[in-house]
Amino acid sequence: MTAPGLAAANLGYAHRHLLGIEGLSADEISFLLDLSENYVELSRRGNKKTALLRGLTIINLFFESSTRTRTSFELAGKRLGADVINMSIAWSSIKKGETLIDTAMTLNAMHPDVLVVRHPDSGAVKLLSEKVTCAVINAGDGSHEHPTQALLDGLTIRRRTGRLEGLIVAICGDILHSRVARSNIHLLGIMGARVRVVAPPTLLPAAVERLGVEVFFDMKEALKDCDIVMMLRLQTERMHGTFVPSTREYFRFYGLDADKLKAAKPDASIMHPGPMNRGIEIDSELADDIDRSLIREQVEMGVAVRMACLDALTQDLRGHNLAVAAVDPEVGAKVGAKVGSGS
């Protein structure tokens, strides 16, 4: 049974892949966020599984270590009823000298329906997507983009504040190496938020203001009147050389503590994509503040967003039937109404 409005709603995301946020429209982002809302409701039920993707195969192809993102995608796929395979690159043919294109062509010959790919090199996921016939989701490529993280952050913010447009969001920390920062800058800008970035000069990309952000070097100035404070991890694994004098010095000037947070709005919320380095990027007490920290909500929203992305990218395979209608017609009707009203 298809819920009213959903036959048209499947046009809300007409792309074959999800490789980045850059290039998406506000309507496409809103469509994915609206669809994700329904998977939040589904994931809080006793029976979390559906048969929507039964018979479809998802391969999680991670060339970098990951626990949160890979587990989130695995849960999302299994809750939708798909067969999910996690490829261990440490034991794969890559270690024997096979190229990325060879791997792509080999996997393509197995006819998967979705490839979820994380790779340490920017642009590698796009290259792979050009060599396969299935849908590809970028789970993070180098310092380029991490689209599902930005979507889950956007959903988390929208559920807390009721909107994205007009908010002041400060992204703090290692902007230079952060794909999360880039995807969030794109998404928040597209949705009408005002974005500030704050970091030491060594951790800011050249000409970062071209992305439409306001640049700060002082935390208190950057946090003044902010609605959302988004902290980033120091990505030491991507650093070649010395970018900060010491972690103690870094926390003193750029770590989030109660004193710096006073500059933000009294009800400002705190976010972090994880994993956190407590005492380096953020004070433990603030990270665990049940009234202001959204960090646990971000993890929960991650599964819902990835379910929505898998749903949206497999619609053609399922004859344009959205998951929500198959799971619960009443819930499907709600998202159909949302999309139909343009909210």
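Each chain carries its own residue numbering, running from 1 in the written order of its sequence. At least 70 in pLDDT is required for a residue's local features to be given in this predicted model, at least 80 for side-chain atom pairs to be given and counted, and no such filter applies to totals for whole chains, interfaces and linings, which use all residues. Side-chain numbers come from the whole structure's heavy atoms, not from hydrogens or water.

Undergrad: For this particular structure, what's the right way to read the side chain of Ser30?
TA: In DSSP terms, a helix is any run of H or I states spanning at least four residues, a strand is any run of E spanning at least two, and both are numbered starting from the N terminus. Structurally, Ser30 can be placed in helix H2 (residues 26–43). To sort residues, take the accessible area from a 1.4 Å probe on protein chains only and compare it with the maximum for the residue type: under 20% means buried, over 50% means exposed, and anything in between is partly exposed. For Ser30, a relative accessible area of 16% corresponds to the buried category.

Undergrad: What is the right way to read the nonpolar core from this model?
TA: Nonpolar side chains tend to gather and get buried jointly when the protein is soluble and globular. Counting 90 residues, the largest nonpolar core has Tyr39, Ile137, Leu151, Ile171, Leu187, Leu223 and Leu256 as the members making the most contacts within it. The term nonpolar core refers to a set of buried residues drawn from Ala, Val, Leu, Ile, Met, Phe, Trp, Tyr and Cys, joined through side-chain atoms within 4.5 Å. Core analysis: the second largest hydrophobic core is formed by 15 residues, Ala104, Leu107, Ala124 and Cys134 among them.

Undergrad: Help me understand the layout of surface pockets in this model?
TA: Left-over empty space is what a probe sized like a water molecule reveals as it rolls over the atoms. Reported here for the largest pocket is a volume of approximately 630 Å³. Taken together, 33 residues line the largest pocket, and the ones lying closest to its centre are Arg68, Thr69, Arg118, Gly274 and Pro275. Elements with a contribution of two residues or more to the lining of the largest pocket: helix H3 (68–79), helix H6 (147–161), helix H7 (179–190) and helix H12 (295–313). At six residues, the largest contribution of residues to the lining of the largest pocket is made by H12. Here the nonpolar group is Ala, Val, Leu, Ile, Met, Phe, Trp, Tyr, Cys and Pro; Asp, Glu, Lys and Arg are the charged ones; every other residue, Gly included, is treated as polar. When its residues are assigned to classes, the lining of the largest pocket shows nine nonpolar, 16 polar and eight charged. Think of a 1 Å grid over the protein atoms and nothing else: a 1.4 Å probe that fits but is trapped marks a cavity, an open set flanked by protein within 12 Å on at least five of seven lines marks a pocket, and residues with an atom within 4 Å of a point count as lining. Grid points are joined across faces, edges and corners, and a volume is the space filled by probe spheres set on the points.

Undergrad: Can you walk me through unusual backbone geometry in this structure?
TA: Only a minority of non-glycine residues have a phi that is not negative, and only a minority of peptide bonds are not trans. Cis rather than trans, the peptide bond between Gly274 and Pro275 has omega equal to -10°. As for its position among the elements, Pro275 is in the loop between strand S9 (269–271) and helix H11 (284–287). Backbone geometry places His111, a non-glycine residue, at a positive phi of 60°. With respect to the helices and strands, His111 occurs in the loop between helix H4 (100–108) and strand S3 (114–119). Non-glycine residue Ala207 carries a positive phi angle of around 55°. Position of Ala207 among the secondary structure elements: in the loop between strand S6 (194–198) and strand S7 (214–216).

Undergrad: What is the right way to read the confidence of the model for the chain from this model?
TA: A low pLDDT score tells you not to read the predicted coordinates there in detail. A residue's pLDDT is simply how confident the predictor is in it, with values from 0 to 100. Summary statistics for the chain give a mean pLDDT of 87 and a share of 84% for residues scoring 70 or more. Whether two residues are in contact is decided by their heavy atoms, any of which lying within 4.5 Å being enough. Overall, residues 1–9 carries pLDDT values under 50, and its contacts beyond four positions in sequence, including any with other chains, amount to 21 contacts. Every residue in residues 337–343 is under pLDDT 50, and counting partners more than four places away or in other chains gives seven contacts.

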